Amino acid sequence: MTIDLPGSAAGSPAFGTADLSNCEREQIHLAASIQPHGALLALREPELTVLQVSANAAAFLGLEGPALGRRLADFAPDIARAIAPLLADPLDVVPAAVRVPSAASVPLDVQLHRPIGGGVILELERAAPEDDGAKRIEPALQAILGSYALKPLCEEVARIFRGLTGYDRVMVYRFDDDGHGEVFAEEHAAGMEPYLGNRYPASDIPEIARRLYIRNRVRVVTDVHYAPVPLEPRLSPRTGQDLDMSLCVLRSTSPLHVQYLKNMGVGATLVASILVGGRLWGMVSCHHQTPRRTPFALRAITELLAEAVGTRIAALESFVQSQAELAVRRLEQRMIEAITRDGDWRTALFDNAQTLLLPLGASGAALLFEGQMQTAGDVPGTAGLRDIGTWLDSRPRISAGGATVIATSALAAEAPHLAGLTRVASGVLAAPISTAPGEYLVWFRPEQVSTVTWGGDPTKPVLVGDDPRDLSPRRSFAKWNQVVEGRSEAWSPKDLATARLIGDTVTDVVLQFRSVRMLIAEDQLAQVRRQVGLSAQPVVICDQAGNIDLRNEAFDRLLPGLRGAAPRRIDHLLPYFADPAEVGRRLRDVLENKRSWRGEVRLADGQGAGLGGGRPVLVRADPVFSAPDRVLGFVFLFNDLAERKAADAARRRFQAGIEEGARRPGGRLDRQADLAFQAILASVVENAQLAALEIADGVDVARMPDLLESVRASVARTAVVLEALIRHSSQPPSNQTPRDD
């Protein structure tokens, strides 16, 4: 995954020069300084000559002279030998790590990575005493894997992280669609004020920081009162620019953020990113009231667990979607049965209101169809529904994986003339069921007057002193309550996907219903022909002898070769299929035996070669009876399966590639260490496999390849971090106790 970070663009304040008017553009990855509990060396390859150093490097390493300009092997041969086997790795996404024993002093933990611009950055820290932290990974992974709902999972994560890290407070912090954060779960020491449920405005975390959180998954501040150690020289001799420190664990933190932490009364922090489907879902934020150093091994463990948490959340979200899809499929079956039984599908849609309302957590629903309305639950009156239909016709539609939906949780804000409907319809979610104006399936949620608890007044994020330059992040984090009116509970991405799925299903049924009516009601032929012809669903309608009465534009788009052609019979279409003999046999069975056909075929259009030769489509063929022994004709519906097949191919690639991606080069771990590596990795892979199953069963087929790839990438990243942790833990222990400086 590539994360773009801005360089020193015009108008972007350099590190340490931002104020609260432009802090969202501060170049925090170009810090040119580090926290003082470690040292940094920037080396030129291949000779590993020092081009830049932190000002404390010589003292940290016990050198009599400066390290700048010297080869690493000349003044730190143990470090040079230790990192040599790792230099063959890319090192541009996940840093490598190694422990370097020392007989004369405390061993060093060395992390190394390659920054943008080339070279190698070494970060040196005094190693912590050996502990059994790695042995706690497996129980933690099993606890994460055993959580079957989001809230209990996050509560378990807060407990796990506090037990592992020893920080005074651990919060699982979740972002909403607007970027605001909520403390979703929390564990804290006795006597501390709880933050659970508090919200924090999106402005508290600038966008550039969020992008860095995706690239560098664990960040620490050891002591908020630290004095930054500058790099010498400040600009890289290689590039003439500030050194890109995006992946540096020692990188200095923005002075504004440090002040923010001081204002909160925080002494030290550790923050681990939670990514779901490649997006920043939230963070595990650990606060300590006094300075606290977190060694490499513990940071690696927190990163491993945060990756597992993101994978588990993806699985849980996909499971909820798959359950919604199951309910929709049952609804579809009942509508099809209702057409056969009653000649209409609407009775099945509304015979059990909860079937329609529960999947979306709606309080009411309405069908606007052919100038008529049917409703369930609590909905606006007839005039209000007509006004909503008119408003919906004017709204842009939100893509939700194929079709489109229209959604708002604040109707009055977007349509002030509909403010009178707020009580029952603050939230509106609509799925078009045809291309005709005013035809929608609409769900409603009532106004939810609520009190949102913010961690401080979000409208007053700054404090201005007597001097206009004396700007500080807000100093009061006392709970600040905001009464929110005119809004419903927000529609989630799962709600949008479910509405799209139900809308697609109803659209198919409407098209079939209208196709049947076209054959039955000759007096309505012109209107229905236009409606069917404009449908986005490919359809061909034949008479009882197989002569084509209608094929719509969507079908012609499915078979571009038809442009200008005029096939008169359904069997004239056979040359457009990859296997005309098999399709012909199926067609004869439909026409001669008056039987329905559901089957997958491939087009002979040359597309989708990677999917097995030709684009895959699903054919639904049904005879239309006017009496038990009399057929009026046949309706053929076609669904392009390319998207579904791409998702299936992604699933197969995932299954084939996950273990390969997790496999590490042999010979870098001894036998005992390799056994530990494989044992923990097995739990990671199990978590990923379960997530993949849920994702594959989810509603949103369009997102499936990206979600599966994000899980595969997470496993690969976890394997790299895990190998570094196991290799680090398996190196000879030291009885030395590190100094606290």
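Residues numbered from 1 in each chain as written. Predicted model: local features only at pLDDT ≥ 70, side-chain atom pairs only at ≥ 80, totals over all residues. Heavy atoms only, no water.

**Here's the deal with the packing of helix H4 (residues 137-145) against helix H19 (residues 671-696)**
At step 1: Running from N to C, H4 and H19 cross one another at 10°; their axes reach a closest spacing of 9 Å. As far as their axial angle goes, H19 and H4 are roughly parallel. Judged by the sense of rotation from one axis to the other, the crossing of H4 with H19 is left-handed. Of the residues in H19, those touching H4 at Ile137, Glu138, Leu141, Gln142 and Leu145 are Ala679, Ile680, Ser683, Val684, Glu686, Asn687 and Leu690.
At step 2: Each residue belonging to the contact of H4 with H19 can be placed in one class, and the counts come to 7 nonpolar, 3 polar and 2 charged. (Axes fitted to C-alpha atoms, helices over the stretch in contact; angles between N-to-C directions. Helix = DSSP H or I, 4+ residues; strand = E, 2+ residues; numbered from the N terminus. Parallel < 35°, antiparallel > 145°, perpendicular 65-115°, else oblique. Left-handed = near helix turned anticlockwise from the far one by under 90°. Contact = heavy atoms within 4.5 Å. Nonpolar A, V, L, I, M, F, W, Y, C, P; charged D, E, K, R; others polar.)

**Focus: the confidence of the model for the protein chain**
At step 1: Averaged over every residue, the pLDDT of the protein chain is 80; the share at 70 or more is 82%.
At step 2: Here residues 460-478 scores under 50 on pLDDT; set against residues more than four positions off or in separate chains, the count is 44 contacts.
At step 3: Low pLDDT, under 50, characterises residues 608-612; the stretch is placed with 10 contacts to residues that sit more than four places away or in other chains. (pLDDT = per-residue confidence, 0-100.)

**Some details on the side chain of serine 236**
At step 1: Note on placement: serine 236 falls in the loop between strand E11 (229-232) and helix H7 (255-264).
At step 2: We classify serine 236 as buried; its relative accessible area is 7%.
At step 3: With residues near it in sequence (within four places) discarded, serine 236 still touches Gln52 and Gln241. (Buried < 20%, exposed > 50% of the residue type's maximum accessible area, 1.4 Å probe, protein only.)

**Re the sheet that holds E11**
At step 1: Spatially, the 7 strands line up as an open sheet ordered E1-E11-E3-E2-E6-E5-E4, and their pairing is antiparallel. Looking at the sheet topology across the chains shown, the edges are occupied by strand E1 (33-34) and strand E4 (96-100).
At step 2: Relative to strand E6 (residues 120-126), strand E2 (residues 38-44) is paired through 6 bridges, and the arrangement is antiparallel. Opposite leucine 40, over in E6, you have glutamate 123 as the bridge partner. (Pairing = 2+ DSSP bridges.)

**Digging into the pairing of strand E7 (residues 169-175)**
At step 1: For E7, the buried fraction is high: 6 of the 7 residues fall into the buried class.
At step 2: Pairing analysis gives 7 bridges linking E7 to strand E8 (residues 181-188), with the strands arranged antiparallel. Along E8, the bridge assignment pairs methionine 171 with glutamate 186.
At step 3: Relative to strand E13 (residues 279-288), E7 runs antiparallel, the two being bridged by 6 bridges. Along E13, the bridge assignment pairs valine 172 with valine 284.

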